[in-house]
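What follows is the residue order along each chain.
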Amino acid sequence: MKRLVLITAAAFIGLSAYAQQALFGGSSAESPVINPDGTVTFRYQAPKAVKVTLSGDFLPVQTMEFDMGGQKITYDMPGVAELKEGQNGVWEYTTPFKVAPEMYTYTYTVDGTQVIDPNNVFVNRDIASLTSVLLVPEAGARSDLYAIHRVPHGTVSKVWYHSDVEGFDRRMTVYTPAGYEDNPKAKYPVLYVLHGIGGDEDAWVTQGRATQILDNLIARGEAKPMIVVFTNGNISQEAAPLENSTGYTRPTMDLPETMEGTFETAFPEVVKCIDSHYRTIAKKQGRAICGLSMGGFHTLYITLNYPDMFNYSGMFSAAIGTGSEQTAAHKEIYENVDGKLAAYFAKKPAMLWIGIGKTDFLIESNNEFRAKLDAAGYPYKYMETDGGHIWRNWRIYLSEFVPLLFK
């Protein structure tokens, strides 16, 4: 009996120690650390490791070449740096330069295995990849928009609606601006924001820092208070991974009905739901739409097929010209582009906005589309940034696009 009591007591002590470690942290290596001179130090404890490297988008990029359907495509990849082993098996690397204010992601590779930083609890999921997050804010810098400040905050809700096109309920994320609940008579314009392939209705909120951007721009008086809707472009699914009926299924970008017309066909269901459940300015002048990559593709064709629906459209690194239009199930969505462009611009929309990175693998197809607009004399705004097909650019585009809306 005495032995049993001792074993039980030991078990409780062990559980207590484990709980305290979970609560207070048991790591001995602090990482990452933003130093007073603006450099950043990364540490990883691995006493038995042979080689530890760091890969991050704050390091000089590596240009890689991929074969996509027989076409050679160059793609910017995060740079790599080696950590040096120090005392107690703690590997360390300090950037030899001040890291510019921005939101970055990084991972370690330990003896060939890629891992996130165990000392950093801030993690992003991009499709099936996990990366650690480094936010370097600075007053007056753009990245300051990505930080949380003591300003009025909007409300973020997970909202379900029924899709008649698909025959089941689907989910979207809805942002209502600060003060929405306090003024029951006020009506608001609506911005619809679309993610890229493999993303979901959470992508812009987590990786895009969209709600922080909105809170801060509205609080500064640089953007109109607006409702913002983040849709799920994976029309064959109800919601984000582990929030839908597929259960513990590994997230993938290889999903049906992504760029073949079904999402565009079903999009009026989303607009109808928002207009019927929120206090919206339910007309073209009170609506805007934008999206990144696949979402930019969807933005273009939703805009062209429903020319009376949106007054502002933003294409961020739009995945146009990839050939999916020719193999689509609903070819009617992608046919007669010239005629649809003419009908769209005849209605004098407030703005078509296009943004893309200089090394984005989609820049050639976007330039061809701009050449078509130029040849026809159609007006648009254009922004070209450094870098490629990356979240850093898409956050920039959103922060530039939003202040131009509903003026």
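Going by the structure above, here's the rest.
Criteria and cut-off values
Residues numbered from 1 in each chain as written. Predicted model: local features only at pLDDT ≥ 70, side-chain atom pairs only at ≥ 80, totals over all residues. Heavy atoms only, no water. Helix = DSSP H or I, 4+ residues; strand = E, 2+ residues; numbered from the N terminus. Contact = heavy atoms within 4.5 Å. Phe/Tyr/Trp six-rings, centres within 6.5 Å; stacked < 30°, edge-to-face > 60°. Buried < 20%, exposed > 50% of the residue type's maximum accessible area, 1.4 Å probe, protein only. Lys NZ or Arg CZ within 6 Å of the ring centre and 35° of its normal. Salt bridge = Lys/Arg side-chain N within 4 Å of Asp/Glu carboxyl O. Pairing = 2+ DSSP bridges.

A word on the environment of L191
- Among the structural elements, L191 can be located in strand 15 (residues 190-194).
- Sequence separation between L191 and T280 is 89 residues; the distance between their C-alpha atoms is 10 Å.
- Excluding residues within four positions of it along the chain, L191 makes contact with M226, I227, V228, V229, A288, I289, C290, F401, V402, L405 and F406.

Remarks on the environment of V402
- Looking at the element boundaries, V402 is found in the segment after helix 8 (391-401).
- Sequence separation of V402 and E222 is 180 residues, and the distance between their C-alpha atoms is 8.7 Å.
- The contacts of V402, once residues within four sequence positions are left out, are L191, L214, L217, A223 and M226.

Remarks on the packing of aromatic side chains
- Applying the stated criterion across every chain yields a total of 26 aromatic pairs.
- Seen from their ring centres, F263 and F267 are 5.6 Å apart, and the 65° between their planes marks the pair as edge-to-face. Of this pair, F263 and F267 both sit in helix 4 (residues 262-277), 4 residues apart, which is roughly one turn of that helix.
- When its relative accessible area of 3% is taken as the criterion, F263 is described as buried.
- Connected via pairs of aromatic rings, a cluster forms that spans W204, F316, W353, W391, W394, Y397 and F401.
- In this structure, R370 is placed above the aromatic ring of Y382, and the distance from its NZ or CZ to the ring centre is 3.6 Å.

A word on the pattern of salt bridges
- What the rule picks out here adds up to 16 salt bridges.
- Measuring nitrogen to oxygen at the nearest pair gives 3.6 Å for the salt bridge that ties E102 to R395. With E102 in strand 9 (residues 102-110) and R395 in helix 8, the pair connects residues that are 293 residues apart, well separated along the chain. Taken individually, E102 and R395 each receive the classification buried, so the pair is uniform in this respect.
- Salt-bridge contacts for E201 lead to R171; the nearest nitrogen and oxygen are separated by 2.7 Å. Note that E201 is positioned in the loop between strand 15 and helix 2 (203-206) and R171 in strand 14 (residues 168-176), a separation of 30 residues in sequence.
- Beyond isolated ion pairs, a larger network of salt bridges with shared partners links K158, R171, E201, D202 and E243.

A closer look at the environment of G388
- By secondary structure assignment, the location of G388 is in the loop between strand 20 (381-385) and helix 8.
- C-alpha of G388 to C-alpha of D76: the two residues are 312 residues apart in sequence and 6.1 Å apart in space.
- Non-local contacts of G388, meaning those with residues more than four positions away in its chain, are made with D76, G357, T359, D360 and N393.

Focus: the sheet that holds strand 1 (residues 33-34)
- Strand order in the open sheet formed by 4 strands is 1-2-8-7, with antiparallel pairing between adjacent strands. Of all strands in the sheet, those with a lone pairing partner are strand 1 and strand 7 (84-85), marking the two edges.
- Strand direction decides the pairing type here: strand 2 (residues 40-45) and strand 8 (residues 90-94), joined by 5 bridges, are antiparallel. Pairing of R43 across the sheet is with E92, part of strand 8.

Taken by themselves, the reported measurements are silent on function.
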